Amino acid sequence: MEEIGGDEEGATAAAAVTARLVQAEEEVNGRRNERPIEPWKGMYVKSIVYAGLDAIVTCFSLISSISAAHRSSAMDVLVLGVANLVADAISMGFGDFVSSSTEKEVAAEERAVTKWDVTNNIRPQQLELLHQYQSLGMDIDDATTVVNIFAKYTDILVDEKITAEKGMVPPDESEKPWKNGLVTFVAFLVFGSAPLLSFIILIPFTNSDTLKFVGACVLSVLALGFLGIAKAKIAGQNYVLSASITIFNGAIAAAAAYALGWILRNVAGLED
């Protein structure tokens, strides 16, 4: 009887272990079959994140270098910071506008050339697209069918050739380069002002430049963390990792600026 009881207990334990293993395998398979996180969509999110990150790092690095040199008061830091912020915002906004305009013009010109080739030399263009699909692993019969279908619709064929062969996105007529520039300009001003807020908020409470610099550090970390999370939301990445990398990037830039200011003051003979 004892042996029978022992066998029953052993069988029960083995069944429990098997059940746990099956459950664990199902959980793993379930995670594998989960739909990936969908990226955050938006026409101007790239401009906002890029301009915001650059603004925070640039402005905070300027504050760090000035603070390390001990050459200016808090009001001087604020004036220099605001002037630099506005100038950089204008430069960044105009640069985004020019870049977006140029990209759109190049795409439009490339599409015009491709459309002429398709209209006047349709057969060679079909063969090029056919070879492109074959190089991607498509069967010759399937590739021929797809190309023949596209050949019935000139505009679709032109856009497909631009995308498949040249890796370009067909020009979007609804895209307005000036809007990209404006968004970049505003985002740069908004996020770049984060490090400067400390020098404004703490004016009624303290005259210590050190406390104001510490406040700028805290606000910069918070702003960088927020943009890191936003970047993770856009790309479907891990929030903590993205925020940590973004903050680390800002810390490295600020540390380099602070070290340079200290060197110029103590080594290069710029002390008072």
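Procedures and definitions
- Residues numbered from 1 in each chain as written.
- Predicted model: local features only at pLDDT ≥ 70, side-chain atom pairs only at ≥ 80, totals over all residues.
- Heavy atoms only, no water.
- Helix = DSSP H or I, 4+ residues; strand = E, 2+ residues; numbered from the N terminus.
- Buried < 20%, exposed > 50% of the residue type's maximum accessible area, 1.4 Å probe, protein only.
- Areas by Shrake-Rupley, 256 points an atom, 1.4 Å probe, with all protein chains shown as cover.
- Phe/Tyr/Trp six-rings, centres within 6.5 Å; stacked < 30°, edge-to-face > 60°.
- Contact = heavy atoms within 4.5 Å.
- Core = buried A, V, L, I, M, F, W, Y, C linked by side-chain atoms within 4.5 Å.
- UniProt positions renumbered as here; feature names shortened; annotations may be inferred.
- 1 Å grid on protein atoms, 1.4 Å probe; cavity = no way out; pocket = protein on both sides within 12 Å on 5 of 7 lines; lining within 4 Å.
- Points joined across faces, edges and corners; volume = space filled by probe spheres on them.
- Axes fitted to C-alpha atoms, helices over the stretch in contact; angles between N-to-C directions.
- Left-handed = near helix turned anticlockwise from the far one by under 90°.
- Nonpolar A, V, L, I, M, F, W, Y, C, P; charged D, E, K, R; others polar.

Novice: Quick one: what's the story with the overall build of the chain, residue by residue and with numbers?
Specialist: Per the secondary structure count, the chain includes 10 helices and zero strands. Secondary structure of the chain in N-to-C order comes out as α-α-α-α-α-α-α-α-α-α. Burial analysis of the chain (272 residues in total) assigns 29% to the buried set. Accessible surface computed for the chain: about 16900 Å², of which carbon and sulfur atoms make up 64%.

Novice: Outline the packing of aromatic side chains, listing residues and values.
Specialist: All told, the structure shown has three aromatic pairs when counted by the stated rule. Aromatic pair Phe-94 and Phe-97: ring centres 6.2 Å apart, planes at 40 degrees, arrangement tilted. Of this pair, Phe-94 and Phe-97 both sit in helix H3 (residues 74-120), three residues apart, roughly one helical turn. Classification of Phe-97 by relative accessible area gives partly exposed; the value is 33%. Pairing Phe-191 with Phe-226 gives two aromatic rings, centres 6.3 Å apart and planes at 25 degrees, and the pair type is stacked.

Novice: Residues and numbers for the environment of Glu-160, please.
Specialist: Relative to the assigned elements, Glu-160 resides in helix H6 (residues 154-166). Classification of Glu-160 by relative accessible area gives partly exposed; the value is 23%. Through-space distance from the C-alpha of Glu-160 to that of Leu-129 is 8.6 Å; in sequence the pair is 31 residues apart. Setting aside residues no more than four positions away along its own chain, Glu-160 makes contact with Leu-129, Tyr-133, Phe-150 and Glu-165.

Novice: Run through the nonpolar core, naming residues and quoting values.
Specialist: Of all hydrophobic cores here, the largest spans 27 residues; its most connected members are Ile-56, Ile-63, Phe-188, Leu-196 and Phe-199. Elements with a contribution of two residues or more to this core: helix H2 (45-69), H3, helix H7 (177-192), helix H8 (194-201) and helix H9 (209-235). Considering each element in turn, this core owes the most residues, 10 residues, to H2. Contact partners of Ile-56, with chain neighbours within four places excluded, come to Phe-191, Gly-192, Pro-195, Ser-220, Ala-223, Leu-224 and Leu-227. In terms of nonpolar packing, the next biggest core, distinct from the first, is built from 10 residues, Leu-129, Tyr-133, Val-147 and Ile-162 among them.

Novice: Which residues make up the UniProt feature "transmembrane region" (unreviewed entry) in the chain, and what values go with them?
Specialist: As recorded in UniProt, the sites labelled "transmembrane region" (unreviewed entry) are residues 48-69, 182-205, 211-230 and 239-264. Note that residues 182-205 is 79% helix and 0% strand, and that its end C-alpha atoms are spaced 35 Å apart.

Novice: Run through the layout of surface pockets, naming residues and quoting values.
Specialist: Size it by volume and the largest pocket reaches roughly 610 Å³. In terms of lining, the largest pocket is formed by 21 residues, of which the most central are Lys-46, Ser-100, Glu-103, Glu-175 and Asn-180. Top contributing element to the lining of the largest pocket by residue count: H3, with nine residues.

Novice: Explain the side chain of Ser-220 to me, using residue names and the numbers behind them.
Specialist: With respect to the helices, strands and loops of the structure, Ser-220 is situated in helix H9. Assessed through its relative accessible area of 2%, Ser-220 is described here as buried. Not counting chain neighbours up to four residues away, the residues in contact with Ser-220 comprise Ile-56, Phe-60 and Pro-195.

Novice: Describe the packing of H8 against H9, listing the residues and the values that go with them.
Specialist: Interaxial distance between H8 and H9 falls to 7 Å at its minimum, and their mutual angle equals 145 degrees. Pair H8 / H9 crosses with right-handed handedness. Side by side, H8 and H9 meet where Ala-194, Pro-195, Leu-197, Ser-198 and Phe-199 of the first sit next to Leu-211, Lys-212, Phe-213, Gly-215, Ala-216, Leu-219, Ser-220 and Ala-223 of the second. Split by residue class, the contact of H8 with H9 holds nine nonpolar, three polar and one charged.

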